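# Observations on chain architecture
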Amino acid sequence: MAGIDIEGLATVYPNGVRAVDGLDLHVADGEFFALLGPSGCGKTTLLRTIAGLESASEGTVRIDSVDVTRTEPGKRGVAMVFQDYALFPHMNVAENITYPLKVRRVAAATRAETAERTAGELSLNGLLERRPGQLSGGQQQRVALARAIASQGKVLLLDEPLSNLDARLRLEARTFLKKLQRDLGITTVFVTHDQAEALALADRIAVMESGKLRQLGTPREVFARPVNTFVANFIGSTPMNLLPGVVSSSGVSAAGGTLPAAASIPSGAEVTVGIRPEYLTLSTGDAIGPGLRGTVVVAENLGVQSLVSVDCDGTLIGVTVPEEQEPSVGKPVFLTAPPDRVLLYDRESGEL
Ligand code: ADP
Ligand code: MG
């Protein structure tokens, strides 16, 4: 098992695109680490640079404390699963799974035993003789994972491995993957553009934008306290409310009212106020303390919860409430939040 240490890493393509642009990152031994960011932010390039499939233009990559920056891919001890699985169509499942071992000239008997065992671990029993074209999408995905695991790399790199599965299967595969990673204890870097997937799976998350890391933390930290408005916008299944405000002596003025705020920012400062719909409370009775008055515009059913949009002085604010407390459209309501849930971002830079 092994950690990954990345220092000052940049990957520049021949056309001049700095897809990875000066990046420091430490992935701990045995950690399930998610790299999250919008399409084109450099996730695949970073993964391929760790694997050695792209060469680093600047900086270093260490795996298990060994500098592998100039080491060829096959000698880095990494196993990678590609977004499109990259299975060999003319080989059966057993041959696909053990291909990396064949390249290393591992004996046929050992390969057969590895195929059998890995297929068992990945619920592929009975499919060893089939070709990829005779498998479902979920099975193909598990064959790709099986091949990576059978190669016995020190680290596992997964590039959006669930994105080609339909919604239902993706949830099943997610749970399966989490359990498998925990059982194997293998250091894993998981790339995704799906924030829910990253929050659900990872021990820690790095949020990337334009080849740079914008925030690194546990799912809880990144969800509760995004360090800038880019991360705030990107994380959360219901979008964070971001509204212009001005700091006052009693909190922050926004949307025609005042919200409590814990930050020590001088009065008069122009900010962007960030509050998650999950952290706002909605009441229909008398207003107590600071908050925002508004009128219910629309309510969307999210299952056990409803997302209620409230018009507060011309600004629409989302708040989640238990389904049975969903107020009717047109009803006057009062919104408030605990001071530590009201985040204040610099209006110019978007930073906390
Ligand atoms: P992601 O995986 O986050 O979608 P990529 O790593 O694929 O992002 O791409 C990052 C940036 O690098 C994008 O601007 C993309 O157009 C560019 N890029 C990716 N691959 C190449 C390549 N082979 N040559 C030139 N530019 C590339
Ligand atoms: Mg990609």
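Residues numbered from 1 in each chain as written. Chains lettered and ligands numbered in written order. Predicted model: local features only at pLDDT ≥ 70, side-chain atom pairs only at ≥ 80, totals over all residues.

Taking an unreviewed UniProt entry as the reference, the chain is identified by name as ABC transporter ATP-binding protein belonging to Kribbella albertanoniae.

## Details of the sheet that holds strand E10 (residues 212–217)
Pairing within the open sheet is mixed, and its six strands lie in the order E6-E7-E8-E3-E9-E10. Two strands lie at the open edges of the sheet, namely strand E6 (78–81) and E10, each paired on one side alone. Strand after strand, the sheet turns through a mean of 20° between neighbouring axes, direction not considered. By the bridge criterion, five bridges tie strand E9 (residues 204–209) to E10 in an arrangement that is antiparallel. Bridge assignment links Met-208 to a residue of E10, and that residue is Leu-213. The strands that helix H4 (residues 137–150) touches are E6 and strand E7 (155–159); relative to E6, the one it contacts most, it runs at about 175°. (Pairing = 2+ DSSP bridges. Helix = DSSP H or I, 4+ residues; strand = E, 2+ residues; numbered from the N terminus. Axes fitted to C-alpha atoms, helices over the stretch in contact; angles between N-to-C directions. Contact = placed C-beta atoms within 7 Å.)

## Regarding the pairing of strand E17 (residues 305–312)
Pairing geometry for strand E16 (residues 292–301) and E17, over six bridges, is antiparallel. Within E17, the residue paired with Val-298 across the bridge is Ser-309. Linking E16 back to E17 in an antiparallel pair, the connection comprises three residues, with Gly-303 at a positive phi of about 110°. Between E17 and strand E18 (residues 315–322), which pair antiparallel in sequence order, lie two residues; one of them, Asp-313, sits at a positive phi of approximately 50°.

## Some details on the site of ligand 1
In the vicinity of ligand 1, the residues found are Tyr-13, Asn-15, Val-17, Ala-19, Gly-37, Ser-39, Gly-40, Cys-41, Gly-42, Lys-43, Thr-44 and Thr-45. Element by element, the count of residues in the shell around ligand 1 is highest for helix H1 (residues 43–51), at three residues. Looking at the shell around ligand 1 residue by residue, the class counts come to four nonpolar, seven polar and one charged. (Near = placed C-beta within 6 Å. Nonpolar A, V, L, I, M, F, W, Y, C, P; charged D, E, K, R; others polar.)

## Comments concerning the nonpolar core
Of all hydrophobic cores here, the largest spans 92 residues; its most connected members are Leu-157, Val-189 and Leu-335. A total of seven residues in this core trace back to one element, the largest contributor, which is H4. (Core = buried A, V, L, I, M, F, W, Y, C linked by C-beta atoms within 7 Å. Buried ≥ 20, exposed ≤ 12 C-beta atoms within 10 Å, placed from the backbone.)

## Describing the domain arrangement of the chain
Along its sequence, the chain is carved into domain 1 (4–234) and domain 2 (241–346). Centre-to-centre separation of domain 1 and domain 2, based on C-alpha positions: 39 Å. With four residues of domain 1 in contact, the opposing surface of domain 2 contributes five residues. Looking at side-chain class alone, the side of domain 1 that touches domain 2 contains one nonpolar, two polar and one charged residues. (Domains from an automatic or database assignment.)

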